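These are the residues of each chain, in order.
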Amino acid sequence: MELTVHGPLRGVTGSKTVSIATDDHEESVHSVLERFVEQYPRANQQLFDDDGTLRASVRVLVDGERADPETECRPTAAITLIPAAQGG
Amino acid sequence: MSQQIQQELDVDQFTLGLVGPDQEWAGTVADGGTVRTHTPAGCWGPMITPSFRGGHEVTRPIRVENAEVGDALVVRIKDVSVTSIATSTGSMAERDEAFGDDPFIDHRCPECGTEWPDTVVEGTGEDAIRCAECGANASSFGFEYGYTVVFDEDRTIGLTVGPEGANQLAENADENMALPENSRQHPILLYKPDEIPGTLGHLAPFIGNIGTTPAVELPDSHNAGDFGQFLIGADHDWGITDESELEARTDGHMDSNDVRPGATLICPVRVDGGGLYVGDLHANQGDGELSLHTTDVSGTTELEVEVIKDVEMDGPLLLPNESDLPDIAKPYTDDERETANALAAQYGVDTVSDAMPLQIIGSGATVNEATDNAFDRAGSLFDMTEGEVRARCTFTGGVEIARLPGVVQLSMLVPTEILEDVGLASVVREQYGL
Ligand SMILES: [Zn+2]
Ligand SMILES: [Zn+2]
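A. Summary view of the overall build of chain A. For chain A, the count of helices and strands is three helices and seven strands. Secondary structure of chain A in N-to-C order comes out as β-α-β-β-α-α-β-β-β-β. Radius of gyration (C-alpha) of chain A: 12 Å, near the 12 Å computed for a compact globule of 88 residues. For chain A, the spread of C-alpha atoms along the principal axes amounts to about 40 × 25 × 25 Å.

This is how it looks when you write it as C-alpha cells:
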C-alpha cells in the first residue's frame with residue numbers, strides 16, 4: 001500500500017511516498033496508521049496522543065476522499081496522510 | 001480609506017488572520033517612504049480567539065507607490081520595539097471538539113457548533129474563553145508545556161514567573177500585553193502557565209511575519225512552505241488539493257531571528273501595490289523556534305520601503321546585519337582582495353570576481369525540502385545550476401535554520417556582476433557599505 005505523507009512526517013519517513021506491506025484484504029484506516037507507526041516509530045507523536053487516540057487534526061484521504069479512522073481501504077488504495085497541526 | 005500617498009504611514013488596523021488580495025488596504029505609502037506599525041502579539045492570542053481564521057493578527061496590507069507585479073519590494077528594518085510587559089508561551093495541545101480541520105483556522109464552538117464564535121472572557125485560566133452564544137469553553141488550544149515571561153522596563157531581559165506572578169499578570173492581561181486599540185484577540189496571559197520559573201533570558205526582538213501579499217488568500221500563519229502543508233486536503237475555504245498550490249505563498253511567516261533592526265528584506269511583489277504586511281513580533285527566539293512558539297509580543301516597527309522594478313524572484317531574500325552573517329559569507333576586505341590578486345597572478349587566474357553577501361529564504365515540509373527550495377530559488381534568480389549554487393554556498397556561505405520544521409536562510413557571496421544583472425547590486429552595496 002502506498003502512502004503519501006505531508007508536513008513534518010517527511011522528517012520521519014525521509015521521503016514523500018512510502019510503501020507499507022499489505023495483506024490481501026481490506027483494513028481500516030486506523031489499522032493502516034498503526035502499521036505505519038510500527039514501521040516509523042517516531043511518527044507516533046505526530047499522529048497519536050499519549051493515550052493512543054488519533055489526534056483531532058490528523059487528516060487522512062483514501063484515493064483522494066476524506067476518510068475516518070473506521071473507513072475501510074482496499075490493499076491497492078492510495079493513502080494521503082497529513083499529521084496533527086503544529087507550530088504557529 | 002484615502003488613496004492619498006503618504007511619505008510616512010502609521011498603521012493601526014489588523015486582519016482577522018488572513019492575508020490575500022481581498023483584504024482592505026491600510027493606506028498607501030510613497031516609494032522611499034516610511035511605515036510605522038504597532039501590532040498585537042502573534043500566535044497565541046489569535047490561536048485562543050475563535051473568531052480568527054489564522055494564527056496571527058497582522059496589519060492590513062500596505063500599498064506601496066509604484067509597486068507592480070514582478071517587482072521587488074525592499075524593506076529596511078529601522079526599529080523593532082516590544083510594548084508588552086509580559087507574555088505567555090510554550091508548546092501547544094489542541095482541543096478536539098473546538099475546530100473542524102485545523103485548530104488555527106476553522107474554529108467552532110464545541111457545544112453549540114457556532115462557527116468562528118464570538119467569545120467573552122470569564123475569569124482567568126485555560127477555560128476563560130467562553131462562547132458568547134452558549135457559554136462553553138470555545139478555545140481550540142491549551143498549553144502542553146507553558147511558561148510566562150515578564151520583561152524589564154527597557155526590554156533587555158525576560159524572567160519566567162511562577163503561579164503568583166502569572167496570576168498577577170493575568171489579572172490585567174489586556175494592559176500587560178499592550179494590545180493596540182483595534183486588536184481583536186484575547187491576550188494569552190489569561191492562561192497563566194507557570195513552568196520553568198526563575199529562568200532569565202536575553203531579549204533580541206525581531207519580526208516573525210513580514211512580507212508581501214500573496215496572489216491567493218491564505219491564513220497568515222500558513223503563508224510558508226512548512227505550515228502551508230497543513231492546508232492540503234482540508235475542507236475549509238483555504239484548503240488546497242495539491243502541494244503545488246503552495247507556490248503562491250510569499251513566505252511572510254519566516255520566523256528568522258535575523259529579521260531585526262538593521263536587516264533588509266527584499267520581497268517579491270505578487271499583487272499591484274505590494275501589500276506589505278507586518279505582525280507576529282517576538283521578544284526573542286533561538287534558531288529553529290523549538291517549542292514551535294516563542295515570546296509573542298505586541299510591539300512597534302519602523303520600516304523604510306523602496307521598489308525595485310522587474311526582479312524575477314520566486315521568494316524573499318534577506319540581507320541580515322553583517323554580524324548575523326556566517327563568517328565565511330561576510331564581505332571581502334581590501335586585504336583579502338589584494339592577497340587574492342597576488343594568487344591570481346601566480347596561478348594564471350584572469351580575474352578575481354567581486355562578490356557580495358545575500359541570503360535566499362527557502363521553505364518546505366522539512367529543512368531538507370526548504371533547502372532544496374532555496375537552491376531552486378537561487379538557481380532561477382541567478383541563472384545557476386544546482387551544482388554551482390551548492391558549490392558557491394559551500395565555499396562562500398552556508399545554510400541556517402530560521403524555523404523548524406522547514407524555513408532556512410541560504411547564504412552566498414554572489415558575484416557582483418550577477419547582482420548587477422538582476423538589479424540587486426545597489427541595495428546590497430548600501431546594506432554593507434560597499
Ligand atoms: Zn509567533
Ligand atoms: Zn457555543
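B. Broad picture of the pairing of strand E7 (residues 78-82) of chain A. Residues and elements named next belong to chain A. Along E7, four of the five residues are buried, which leaves the element largely enclosed by surrounding structure. Bridging between strand E1 (residues 2-5) and E7 involves four bridges; their strand directions are parallel. Counterpart to Glu2 in the pairing with E7 is Ala78. Relative to E7, strand E4 (residues 59-62) runs antiparallel, the two sharing four bridges. Along E7, the bridge assignment pairs Leu61 with Thr80.

C. Geometry of the interface of chain B and chain A. Between chain B and chain A, the residue contacts involve 27 residues of the former and 19 residues of the latter. At the boundary of chain B with chain A, total buried surface from both sides reaches about 1900 Å², with 54% on carbon and sulfur atoms. Our count for the chain B to chain A interface comes out at five salt bridges. Of the charged contacts in the structure, one is a salt bridge between Glu243 of chain B and Lys16 of chain A, with a shortest N-O distance of 2.8 Å. One can count 12 residue pairs in polar contact (both at pLDDT 80 or more) joining chain B with chain A. Here the side of chain B that touches chain A is composed, by residue class, of 13 nonpolar, seven polar and seven charged.

D. Just the side chain of Gln431 of chain B, in detail. Residues and elements named next belong to chain B. Within the secondary structure, Gln431 is located in helix H8 (residues 425-432). Here Gly262 takes part through its backbone oxygen, which lies 2.8 Å from a polar atom of the side chain of Gln431. One polar contact links the side chain of Gln431 to the main-chain carbonyl oxygen of Leu319, over a distance of 3.2 Å. In contact with Gln431, other than residues within four places in its own chain, are Gly262, Ala263, Thr264, Leu319, Pro320 and Asn321.

E. Layout of the packing of helix H5 (residues 367-382) of chain B against helix H6 (residues 386-396) of chain B. Residues and elements named next belong to chain B. Interhelical geometry of H5 versus H6 gives an angle of 110° and a closest axis separation of 9 Å. As the angle between them shows, H5 and H6 are arranged roughly perpendicular. In this structure, H5 contributes Asp372, Phe375, Ala378 and Gly379 to the contact, and H6 contributes Glu386, Val389 and Arg390. Here the residues of the contact of H5 with H6 are counted per class, giving three nonpolar, one polar and three charged.

F. Fine view of the coordination of the zinc ion (ligand 1). Residue and element names in this part refer to chain B. Ligation of the zinc ion (ligand 1) by protein atoms is provided by Cys43 (SG), Asp280 (OD), His282 (NE2) and Asp296 (OD), these donors lying 2.2 to 2.4 Å from the ion. One can describe the donor arrangement at the zinc ion (ligand 1) as irregular, given that its four donor atoms subtend angles of 85 to 167° at the metal. Between consecutive donor residues of the zinc ion (ligand 1), the sequence gaps follow C-x236-D-x1-H-x13-D. In this pair, Cys43 is assigned in the loop between strand E3 (27-39) and helix H1 (44-47) and His282 in strand E15 (residues 274-282), connecting sequence segments 239 residues apart.

G. The arrangement of the packing of aromatic side chains in detail. Residue and element names in this part refer to chain B. A complete count under the given rule lists six aromatic pairs over all chains for this structure. With 4.9 Å between their ring centres and 55° between their planes, Phe104 and Phe141 make a pair best called tilted. Taken together, the positions of Phe104 in the loop between strand E6 (86-94) and strand E7 (119-121) and Phe141 in strand E9 (residues 141-151) put the pair 37 residues apart, joining distant regions of the chain. Here Phe104 and Phe141 have matching classes, each one buried. Between the aromatic rings of Phe143 and Tyr191, the centroid separation amounts to 6.1 Å while the plane-to-plane angle is 80°, which identifies the pairing as edge-to-face. In this pair, Phe143 is assigned in strand E9 and Tyr191 in the loop between helix H3 (173-177) and strand E11 (200-202), connecting sequence segments 48 residues apart. Among the residues examined, Tyr191 registers a relative accessible area of 3% and is labelled buried. Each residue in the set Trp44, Phe104, Phe141, Phe143 and Tyr191 is aromatic and connected to the rest through ring pairs, giving one cluster.

H. H6 of chain B, seen in detail. Residue and element names in this part refer to chain B. For H6, every residue scored as buried is listed here: Val389, Cys393 and Thr396. The buried residues of H6 occupy an angular sector of 95° when the element is viewed end-on, so they sit on one face. Projecting away from the buried face of H6 at angles above 90 degrees are the exposed residues Thr394 and Phe395. Packed against the buried residues of H6 are H5, strand E20 (398-403) and strand E21 (407-415). With its phi angle positive at about 150°, Gly398 sits one or two positions after the end of H6.

I. How the structure looks around the sheet that holds strand E5 (residues 65-67) of chain A. Residue and element names in this part refer to chain A. Ordered in space as E2-E1-E7-E4-E5, the five strands form an open sheet in which the pairing is mixed. With partners counted over all chains shown, the strands left at the sheet margins are strand E2 (17-19) and E5, one partner each. Neighbour-to-neighbour, the strand axes of the sheet open up by a mean angle of 30°, direction not taken into account.

J. Spotlight on the coordination of the zinc ion (ligand 2). Protein ligation of the zinc ion (ligand 2) involves Cys109 of chain B (SG), Cys112 of chain B (SG), Cys131 of chain B (SG) and Cys134 of chain B (SG), the donor distances falling in the range 2.2 to 2.4 Å. Residue Cys131 of chain B is classed as buried on the basis of its relative accessible area, which comes to 2%.

Cut-offs applied
- Residues numbered from 1 in each chain as written.
- Chains lettered and ligands numbered in written order.
- Predicted model: local features only at pLDDT ≥ 70, side-chain atom pairs only at ≥ 80, totals over all residues.
- Heavy atoms only, no water.
- Helix = DSSP H or I, 4+ residues; strand = E, 2+ residues; numbered from the N terminus.
- Rg over C-alpha atoms; globule rule 2.2 N^0.38 Å.
- Buried < 20%, exposed > 50% of the residue type's maximum accessible area, 1.4 Å probe, protein only.
- Pairing = 2+ DSSP bridges.
- Contact = heavy atoms within 4.5 Å.
- Buried area = accessible area lost by both parts, 1.4 Å probe.
- Salt bridge = Lys/Arg side-chain N within 4 Å of Asp/Glu carboxyl O.
- Polar contact = N/O pair within 3.5 Å; in protein donor to acceptor, adjacent residues only side chain to side chain.
- Nonpolar A, V, L, I, M, F, W, Y, C, P; charged D, E, K, R; others polar.
- Axes fitted to C-alpha atoms, helices over the stretch in contact; angles between N-to-C directions.
- Parallel < 35°, antiparallel > 145°, perpendicular 65-115°, else oblique.
- Donors = N, O, S within 2.8 Å, 3.2 Å for Na, K, Ca; no water.
- Tetrahedral: all angles 85-135°; square planar, octahedral: opposite > 155°, others 65-115°.
- Phe/Tyr/Trp six-rings, centres within 6.5 Å; stacked < 30°, edge-to-face > 60°.
- Arc of directions from axis to C-beta.

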